[in-house]
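# Inside the fold
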Amino acid sequence: MPSNARTVALLTLGCARNDVDSEELAGRLAADGWRLVEDAAEAEIAVVNTCGFVDAAKKDSIDTLLAAADLKGNGTTRAVVAVGCLAERYGVQLANELPETDAVLSFDDYQQIGERLQTILAGGHVPAHTPSDRRKLLPLTPTKRQEGAALPPGHLIADLPAGVAPASGPRAPRKRLTDGPSAALKLASGCDRRCSFCAIPSFRGAFLSRRPADILAEARWLADQGVREIVLVSENSTSYGKDLGDLRLLETLLPELAAVDGLDWIRISYLQPAELRPGLIDAMASTEKVVPYFDLSFQHSAPQLLRRMRRFGDTDRFLELLATVREKLPAAGARSNFIVGFPGETEQEYQELRRFLTEARLDAIGVFGYSDEDGTEAAGFDGKLDQDLIDERAAELADLAEELVAQRAAERVGESVTVLVESLDQDEADPDGEPVVEGRAAHQGPETDGSVRLTGPGAAALRIGDLVEAEVVDSEGVDLVARPAGRPLARATGRVPAAAGLAATAP
């Protein structure tokens, strides 16, 4: 790429689905001749891929946009652009309230992202969109959606040069922004559920599966980039295939993904408990390379409160589901997030949630205090709790969660675990003077579920991307300490990794 190419930095906030969106944007920009840089201060234009899920995420997104805008006038940075969920959700309102940004782009601008950025740098104006309910862009009947013209990120088709996109077949362009051994792979976009507290379907749209051939092509491409673990992401992975005419399509896709050369782990995230079919549990338990990991969206466990959330289940049913999973996979990891202080939540319902957490033996727990979200049904509910009570319950439950996940980690002392090595710190030494080696066990998801520190003989010889059997010898809160039990089960592939220096950071 010529040294005088226009420069852009991608700053990504939010979930793994946003990570994939950023890599698709990077693929398109690279194909259009843009040069991606790590530091926003070294870019002519900073693109902030925002999160619009809850208040705290919105604040982080706005703070990042303002920090990027402060770079303008440094001699290099000339413009700041908002994309992603916050931009999609608020559009022209965000543009009016945040004049420090030079443009607010919609998902519909992604296919022409290079052209849009060129216009902005040339002094042109790209008008912000007026948000609409994206669920209405596709047919109500799921099986008719594949013919729709309004497709979300991850479904746009393009032919790109070798090394930018999967090697063959229809595909979404993508360029890796990190060189770690794990990468997200999008199963689907959107959601058909109508949870009363959640605005995501309105700006992410109706549920739409990616075709198996596209997913497999991208999985092969990721493996060729040196990825050892793929994390299947969507708003609701248990609905995969319903719009393709086969709700059991994920069960048949998993063995095909397991056959991809170079991949060692397949992880599925965002499972709805009410939709977790026995056949899918069996497929996850029996398919080689699918890790024993269950990311379950419980949200609460008191039955009447769940109904007000427009969800299903109760404490005993959820405990039975976990028991079924552990009967087939005794060492399985399970994680979930929970909302406290939902409108009308009684003390009895709060205590029911505490009972569930105490008995569930989850490996990772996220706790959120309820807040009204624009456009949601729950925002109009009566029975709003005082903010001080919401904060009190959230703090209490977070303390309980911290204690419970530490207990669960301590239960794993003495177990044998398979660990994917993710980092080597040559500048820091353990008590034996060896470099600090960290990774994740199969039951731990990326970034949020704790880690494993490998220590003792053999640890120093490990490389990023290695898979190694280890014995858990201690726990530190949610994290584990383990000793390698022998030579790596699988060595890092040695394939060419993604180019270094492309992981954009917030200014």
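Throughout what follows, the structure given in this document is the object of discussion. Being a predicted model, the structure only gives us computed values, none of them experimental.

## A short note on the overall build of the protein chain
Within the protein chain one finds 13 helices and 18 strands. The buried share of the protein chain, reckoned over its 507 residues, is 55%. In the protein chain, once contacts between residues fewer than 6 apart in sequence are set aside, the share between residues at least 24 apart is 75%. Approximately 20,600 Å² of the protein chain is accessible, and the part contributed by carbon and sulfur atoms is 49%.

## Regarding the pairing of strand β15 (residues 435–441)
With six of its seven residues buried, β15 lies for the most part within the structure. Strand direction decides the pairing type here: β15 and strand β16 (residues 452–454), joined by three bridges, are antiparallel. Looking at the pairing, G439 lines up with V452 of β16.

## Overview of helix α12 (residues 347–360)
Helix length check: α12, at 14 residues, gives a terminal C-alpha distance of 20 Å against a target of 20 Å (1.5 Å per residue), a fit within 8%. Of all the positions in α12, only E349, Y350, L353, F356, L357 and A360 are classed as buried. Projection of α12 onto a plane perpendicular to its axis shows the buried side chains occupying an angular sector of 115°, all on one side. Close packing links the buried residues of α12 with α10 (303–308), α11 (315–328), β12 (333–340), β13 (364–369) and α13 (387–411). Immediately beyond the C-terminal end of α12, within one or two residues, lies R361, with a positive phi of roughly 55°.

## Side note on the sheet that holds strand β6 (residues 182–186)
One open sheet holds the three strands; their spatial order is β6-β9-β10, and the pairing between them is parallel. One side of each edge strand has no neighbouring strand; the edge strands of this open sheet are β6 and β10 (265–268). The mean inter-strand angle of the sheet, taken between neighbouring strand axes irrespective of direction, is 25°. Pairing of β6 with strand β9 (residues 229–233), which is carried by five bridges, proceeds in the parallel orientation. Note on β9: the bridge partner recorded for A184 is V231. Sheet strands in contact with helix α1 (residues 16–31) are β6 and β9, and its direction is about 90° off that of β6. In the packing of helix α8 (residues 249–258) onto the sheet, the strands contacted are β9 and β10, and the crossing angle to β10 comes to about 155°.

## Let's talk about the sheet that holds strand β11 (residues 293–295)
With parallel pairing, three strands are arranged side by side in an open sheet as β11-β12-β13. In this open sheet, the two edge strands, each paired with only one partner strand, are β11 and β13. Each adjacent strand pair in this sheet contributes to an overall mean axis angle of 10°, direction not counted. Summarising the sheet, β11 and β12 pair through three bridges and their orientation is parallel. Looking at the pairing, D295 lines up with R335 of β12.

## Quick look at the pattern of salt bridges
Inspection of the entire model under this criterion finds 43 salt bridges. Two residues, R135 and D133, come together in a salt bridge whose shortest N-O distance is 2.9 Å. One salt bridge connects E218 with R210, and the closest N-O pair in it is separated by 2.8 Å. For R210, a relative accessible area of 3% puts it in the buried group. Three or more residues joined by partner-sharing salt bridges are found here, namely R361, D363, R408, E411, R412 and E415.

## Comments concerning the packing of aromatic side chains
Under the defined criterion, the tally for this structure stands at eight aromatic pairs. When the centroid spacing of 5.1 Å and the interplanar angle of 75° are considered together, the rings of F298 and F356 count as edge-to-face. Of this pair, F298 sits in the loop between β11 and α10 while F356 sits in helix α12, and the two are 58 residues apart along the sequence. Using a relative accessible area of 1% as the deciding quantity, one classes F298 as buried. On the basis of an interplanar angle of 85° and a centroid distance of 6.1 Å, the ring pair of F342 and F381 is categorised as edge-to-face. Taken together, the residues span a long stretch of sequence, with F342 in the loop between β12 and α12 and F381 in the loop between β13 and α13 at a distance of 39 residues. Given the relative accessible area of 0%, F342 is considered buried. Relative accessible area serves as the criterion here: at 21%, F381 is assigned to the partly exposed category. Taken together through their ring pairs, the aromatic side chains of F298, F318, F338 and F356 make up a single cluster. One cation-aromatic arrangement involves R17 over Y270; the distance from NZ or CZ to the ring centre is 4.1 Å. The ring of Y293 has R267 sitting right over it, with the charged end atom 4.6 Å from the ring centre.

## Side note on the pairing of strand β17 (residues 467–476)
By the bridge criterion, six bridges tie β17 to strand β18 (residues 479–484) in an arrangement that is antiparallel. Across the sheet, S475 pairs through a bridge with L480, a residue of β18. Counting the residues that bridge the hairpin from β17 to β18 gives two residues, and of these G477 lies at a positive phi of roughly 65°.

## Quick word on the environment of R408
Examined against the element boundaries, R408 turns out to sit in helix α13. Residue classification places R408 among the buried residues on the basis of a relative accessible area of 4%. For R408 and G477, which are 69 residues apart along the polypeptide, the C-alpha to C-alpha distance reads 9.2 Å. At 3.4 Å, the side chain of R408 and the backbone oxygen of R361 are in polar contact.

## A word on the nonpolar core
By size, the foremost hydrophobic cluster in this structure holds 68 residues, and its most contacted members are I230, L232 and L254. If near-sequence neighbours (up to four positions away) are discounted, L232 is found in contact with L185, L187, S237, L250, L254, L257, I266, R267, I268 and S269. Among the nonpolar cores identified, the runner-up in size contains 27 residues, and A30, L36, V126 and A199 belong to it.

Parameters at a glance
Residues numbered from 1 in each chain as written. Predicted model: local features only at pLDDT ≥ 70, side-chain atom pairs only at ≥ 80, totals over all residues. Heavy atoms only, no water. Helix = DSSP H or I, 4+ residues; strand = E, 2+ residues; numbered from the N terminus. Buried < 20%, exposed > 50% of the residue type's maximum accessible area, 1.4 Å probe, protein only. Contact = heavy atoms within 4.5 Å. Areas by Shrake-Rupley, 256 points an atom, 1.4 Å probe, with all protein chains shown as cover. Pairing = 2+ DSSP bridges. Expected span 1.5 Å × (residues − 1). Arc of directions from axis to C-beta. Axes fitted to C-alpha atoms, helices over the stretch in contact; angles between N-to-C directions. Salt bridge = Lys/Arg side-chain N within 4 Å of Asp/Glu carboxyl O. Phe/Tyr/Trp six-rings, centres within 6.5 Å; stacked < 30°, edge-to-face > 60°. Lys NZ or Arg CZ within 6 Å of the ring centre and 35° of its normal. Polar contact = N/O pair within 3.5 Å; in protein donor to acceptor, adjacent residues only side chain to side chain. Core = buried A, V, L, I, M, F, W, Y, C linked by side-chain atoms within 4.5 Å.

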